[in-house]
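Structural description and commentary
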Amino acid sequence: QVQLVESGGGLVQAGGSLRLSCAASGGIFSTATMAWYRQAPGKQRELVARITGGVLIDYADAVKGRFTISRDNARNTVYLQMNSLKPEDTAVYYCNANRPASPFGRGYDYWGQGTQVTVSS
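Another point: unusual backbone geometry. Within the chain, Asn 76 stands out as a residue other than glycine whose phi angle is a positive 55°. Structurally, the position occupied by Asn 76 is in the loop between strand S7 (67–72) and strand S8 (77–82). We classify Asn 76 as partly exposed; its relative accessible area is 32%.

Right, dumping it as structure tokens:
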């Protein structure tokens, strides 16, 4: 069955770093667009970063220059390296796997359960 499991969240002081991991199962990883989203209390979920199956990458303006998304297809894992963390980065971070339907296969849109990142001042 398809499953996305995030890990690596925790408490870190401002200026510190964390690396989030998302392990995917179910044979969906290599052709999916993988993305990290986050949701802070009282706010809407927002896109943080995404990486396509062809490893094209884009980032939210708020994290450019600080966060790096990468993927290891052999391990079916996507990472989010977060450096120079700020208190406003505090949120639950969610992994997402998306692939549009096409003549070559069924589309999908899967989400992990989230991992908490808390940045203290």
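There is more to say after this.
For the coordinates displayed, the defined rule picks out 2 aromatic pairs. Taking 5.4 Å as the distance between ring centres and 25° as the angle between the ring planes, the aromatic pair formed by Tyr 108 and Tyr 110 counts as stacked. Sitting over the ring of Tyr 79, Arg 19 keeps its end group 4.2 Å from the ring centre. Over the ring of Trp 111 we find Arg 45, and its NZ or CZ is 4.8 Å from the ring centre.

A separate point is the pattern of salt bridges. Inspection of the entire model under this criterion finds 5 salt bridges. We note a salt bridge from Arg 50 to Asp 58, for which the minimum N-O separation is 3.2 Å. Measuring nitrogen to oxygen at the nearest pair gives 3.0 Å for the salt bridge that ties Asp 61 to Lys 64. When salt bridges that share partners are traced, they join Arg 38, Glu 46, Arg 66 and Asp 89 into one network.

Note on placement: Arg 71 falls in strand S7. For the buried Arg 71, no salt bridge exists, and the shortest N-O distance to an oppositely charged side chain is 8.7 Å, to Asp 72. A distance of 3.1 Å separates a polar atom in the side chain of Arg 71 from the backbone oxygen of Ile 51. Of the polar contacts made by the side chain of Arg 71, one reaches the side chain of Asn 73; its length is 3.2 Å.

What counts, and at which threshold
- Residues numbered from 1 in each chain as written.
- Predicted model: local features only at pLDDT ≥ 70, side-chain atom pairs only at ≥ 80, totals over all residues.
- Heavy atoms only, no water.
- Helix = DSSP H or I, 4+ residues; strand = E, 2+ residues; numbered from the N terminus.
- Buried < 20%, exposed > 50% of the residue type's maximum accessible area, 1.4 Å probe, protein only.
- Phe/Tyr/Trp six-rings, centres within 6.5 Å; stacked < 30°, edge-to-face > 60°.
- Lys NZ or Arg CZ within 6 Å of the ring centre and 35° of its normal.
- Salt bridge = Lys/Arg side-chain N within 4 Å of Asp/Glu carboxyl O.
- Lys, Arg positive; Asp, Glu negative; His and termini not counted.
- Polar contact = N/O pair within 3.5 Å; in protein donor to acceptor, adjacent residues only side chain to side chain.

Scope: geometric values only; no functional claims are made or implied.
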